[in-house]
Amino acid sequence: MNRVIATERLTKIYNTGGSEIKAVRGVSLRVEKGEFISIVGHSGSGKTTLLSMIGGLTRPTYGRVLIDGVDIWAMSDEELSRFRNRKIGFMFQFSSLISTLTVRDNMLLPAALSGKVEQQHEERALELLERLGLEHRAGAYPAQLSGGEQRRVAVARAFMNRPEIILADEPTGDLDEESEEQVMELLTHMNREEGVTILLVTHNLELAARTRRTLRMRRGRLEER
Amino acid sequence: MRMSLLHLALQNLRMRKFRTLGVVLAIAIASAALFSSIMLMKSMSSSIELGMAQLGADIMVVPGDAEPEGAILLGGAPEWGYFSLRYAEAISSLEDVAGVAPLAFVETTEGCCFRSGVYIVGFDREKDFLIKPWVEKQVGELRAFDAVAGAGYDWLPGSEVRLYGVSFTIVAKIPATGVASFDRGVFIPLDRLYWLSKRSREAGIAGMPLEQGEVSALMVRLEPDANPVSVARAIEFQFPELRAVVAKKALSNVKRQMQVMLQSLLALSALTWLTAVILVSVILSMSVNERRREFGILRALGATKRFIFGQVVVEAYLLATLGSVLGMLAGYTFLALFQDVIEGYLRMPYLLPNELYVALISIATIDVALILATIASVYPAYRSAELEPYDAIRSGE
Ligand SMILES: Nc1ncnc2c1ncn2[C@@H]1O[C@H](COP(=O)(O)OP(=O)(O)O)[C@@H](O)[C@H]1O
Ligand SMILES: [Mg+2]
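Residues numbered from 1 in each chain as written. Chains lettered and ligands numbered in written order. Predicted model: local features only at pLDDT ≥ 70, side-chain atom pairs only at ≥ 80, totals over all residues. Heavy atoms only, no water.

### With respect to the overall build of chain A
- On a plain count of helices and strands, chain A comes out with seven helices and eleven strands.
- Against the compact-globule benchmark of 17 Å for 225 residues, chain A has a radius of gyration of 17 Å, which places it among compact chains.
- The C-alpha extent of chain A, read off along each of the three principal axes, is 45 × 45 × 40 Å.
- Within chain A, the proportion of its 225 residues that are buried is 58%.
- If you take every contact in chain A between residues at least 6 apart in sequence, the share linking residues at least 24 apart comes to 71%.
- Counting only carbon and sulfur atoms, one obtains 43% of the accessible surface of chain A, whose full area is about 10100 Å².
- Separation of charge centres in chain A, based on 32 positive and 32 negative side chains, amounts to 8 Å. (Helix = DSSP H or I, 4+ residues; strand = E, 2+ residues; numbered from the N terminus. Rg over C-alpha atoms; globule rule 2.2 N^0.38 Å. Buried < 20%, exposed > 50% of the residue type's maximum accessible area, 1.4 Å probe, protein only. Contact = heavy atoms within 4.5 Å. Areas by Shrake-Rupley, 256 points an atom, 1.4 Å probe, with all protein chains shown as cover. Lys, Arg positive; Asp, Glu negative; His and termini not counted. Charge placed at Lys NZ, Arg CZ, Asp CG, Glu CD.)

Right, here's the structure in full:
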């Protein structure tokens, strides 16, 4: 097995109005290729901050993030952007569609940002939307969708560029059971069939129980369960 | 490729209409101000370059109570009264005078003719040196009911115009002079004009006040080395009831006045640009703040800092170009549509510059708008690009 993600004493300290918040404290995490890991923990325990440092969205205060052995925070902006575009699929806690673009164009964004949109991208977008039962909404704008539908489009979009790693931050947060199941099935499918490595942050212990390995975040520290 | 920087920018402009409208309007107003000031100045200066002096008249003699110099030389309506043709004899016998060409102006009134507000200009078949050269070049000799048109009309040779119940055929055209009464004139021989005037009175058509032997102005041409100022003085000394306007001197006065006007117009448009820069900066900053989350998402999906920077600047350029073009169209329409009103207000005629000049002025105006867009957008663009992606995404939550 080879190591996809390794963090070394990863730390994030926020300075807000004179007081320091230690959001993540010295987390050293190792993830093998093809693992499906769930992370649970109270709100405010640092789960999102950890994920966003691993994905190249928040610069750590200390520590390193190695993806396939490469220190991502030593990269130039161009390299890091390319890394996010090609290797990582994000699912955010908050709604993350571009409101001025249709569902279809939102889906095509990762391809467009990597260069050129081709027929195969259009096909993949449609296929992913179908998996989540959203193919009929391709022409709609985000404001015309329900919160759950928006969430599922964002989930589908994360798979557009066939990423090696999925960083999913409470992707089923406000979904009904049926949609939650659809998303979970998609994640499981991608993990099993395509070997995608997945870090899933969730409040739902039932969902966490369905993953091979569950970690708990507590006041900025990560513990095995 | 459908999805691109441009597509994203265009979608954003389309979907956020209010903001788009605000910026476009600010830039359009500033562009309209700049464009029409330059156009107006260019128009007026071409009028001056082309004026009476260009036609070969050194001095223009008018009644003593006539209007100021600039208005006489360039102005629209010769509103002063007629005076006797007999002065022409006396003036042509003065020293250094090479020729005296009498002109009589009659403005057509409502209902008398094919159109009102046209000047019928009578010129002397023998003595004239202003119109005759153009006639000779184009048709040789005028027949009984032939007329010559000013440059302000699109008439083709051969078209008919009705003047006081008589039909005239346009056979020639004189080039643009920048003198309103010339450019909107229909020229016929002076003796024909007297005949027409008499006939109109006898027939009881809207009365033409011109009497046989009266003129509106005497155009004086001097010998090559003569001093126009001293000849003008000599004329006014001998005939205190007349006024002799030296073309060159009057023009330089007018030019000075124009200079002042140009400066205030440019100052005014500089002010509108300053306002526009501030307004557009504020609107862009606000809009960029609103869109932090969107930029964060784009970054997460793989957009570089440069892409975000470009996104903001390209949008500003699109808005600037659109605003500028709309502003110039509005400015041009205004100048063309209200030419009469503006001429009346400035007491100066103007000729809209030719296509080349319009193109040059347009390019200059768009350039200024793009510079404005750059100034207003670089800082917001930089700030947006430098946002920490995740901070941007969670803003507003
Ligand atoms: N940009 C920020 N500025 C200041 N404090 C922050 C910022 N982001 C997160 N925090 C703080 O860091 C801590 C961890 O937050 P987060 O990683 O979002 O936790 P979780 O995702 O587990 O709820 C919280 O106390 C939160 O208030
Ligand atoms: Mg969180």
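### Thoughts on the environment of K198 of chain B
Residue and element names in this part refer to chain B.
- Following the sequence through the fold, K198 ends up in helix α8 (residues 190-202).
- A residue is classified by how much of its surface remains accessible, and K198, at 49% relative accessible area, is partly exposed.
- Between the alpha carbons of K198 and G165 there is a distance of 12 Å; along the sequence they are 33 residues apart.

### Section: the sheet that holds strand β11 (residues 221-224) of chain A
Residues and elements named next belong to chain A.
- Here we have six strands laid out as an open sheet, ordered β7-β8-β9-β4-β10-β11, and mixed in their pairing. Bordering the open sheet on either side are β7 (88-91) and β11, each of which pairs with just one other strand. In this sheet, neighbouring strand axes are inclined to one another by 20° on average, regardless of whether the strands run parallel or antiparallel.
- One ladder, built from five bridges, connects strand β4 (residues 36-41) with strand β10 (residues 213-218); its direction is parallel. Bridging across to β10, S38 finds its partner in T214.
- Strands in contact with helix α2 (residues 77-87) are β7 and β8 (165-169); relative to β7, the strand with the most contacts, it is inclined by about 75°. (Pairing = 2+ DSSP bridges. Axes fitted to C-alpha atoms, helices over the stretch in contact; angles between N-to-C directions.)

### What about the site of ligand 1?
- Ligand 1 sits among 14 residues. The nearest are G44, G46, K47, T48 and T49 of chain A.
- Lying at an intersection of chains, ligand 1 is approached by residues of chains A and B.
- Here an oxygen atom of ligand 1 and a backbone polar atom of S45 of chain A are 3.3 Å apart.
- D391 of chain B is positioned with one of its side-chain polar atoms (N or O) 3.2 Å from a nitrogen atom of ligand 1.
- For ligand 1, whose free accessible area comes to 560 Å², the fraction covered by protein is 77%. (Near = heavy atom within 4 Å. Polar contact = N/O pair within 3.5 Å; in protein donor to acceptor, adjacent residues only side chain to side chain.)

### What about the coordination of the magnesium ion (ligand 2)?
Residues and elements named next belong to chain A.
- Listed as protein donors to the magnesium ion (ligand 2) are T48 (OG1) and Q93 (OE1); their distances from the metal cover 2.0 to 2.5 Å. Here T48 is found in helix α1 (residues 47-54), whereas its partner Q93 is found in the loop between β7 and α3 (103-113), with 45 residues between them in sequence.
- Look at Q93 and you get partly exposed, because its relative accessible area is 26%. (Donors = N, O, S within 2.8 Å, 3.2 Å for Na, K, Ca; no water.)

### Section: empty space enclosed by the protein
- A complete count under the given rule lists three cavities of 30 Å³ or more for this structure.
- Approximately 90 Å³ is the volume attributed to the largest cavity.
- Surrounding the largest cavity, 13 residues form its lining, I88, G89, P110 and A158 of chain A together with L301 of chain B being those nearest its centre.
- Within the residue set of the lining of the largest cavity, elements represented by two or more residues are α2, β7 and α5 (147-158) of chain A.
- With three residues, β7 of chain A is the single largest residue contributor to the lining of the largest cavity. (1 Å grid on protein atoms, 1.4 Å probe; cavity = no way out; pocket = protein on both sides within 12 Å on 5 of 7 lines; lining within 4 Å. Points joined across faces, edges and corners; volume = space filled by probe spheres on them.)

### Observations regarding the confidence of the model for chain B
Residues and elements named next belong to chain B.
- Counting all residues, the mean pLDDT for chain B is 83, and 87% of those residues have values of 70 or more.
- Between the elements of chain B, mean pLDDT differs from a low of 57, seen in helix α3 (residues 52-55), to a high of 94, seen in helix α11 (residues 292-300).
- For this predicted complex, the interface confidence comes out at an ipTM of 0.95, alongside a pTM of 0.74. (pLDDT = per-residue confidence, 0-100.)

### Focus on the packing of α3 of chain A against helix α4 (residues 119-131) of chain A
Residues and elements named next belong to chain A.
- Their axes nearest at 10 Å, the elements α3 and α4 cross at an angle of 125°. If you check the angle between α3 and α4, you find them oblique. Our pair here, α3 against α4, has a crossing hand that is right-handed. Contact residues: V103, R104, M107, L108 and A111 in α3; H121, E122, A125, L128 and L129 in α4.
- Class assignment for the residues of the contact of α3 with α4 results in seven nonpolar, one polar and two charged. (Parallel < 35°, antiparallel > 145°, perpendicular 65-115°, else oblique. Left-handed = near helix turned anticlockwise from the far one by under 90°. Nonpolar A, V, L, I, M, F, W, Y, C, P; charged D, E, K, R; others polar.)

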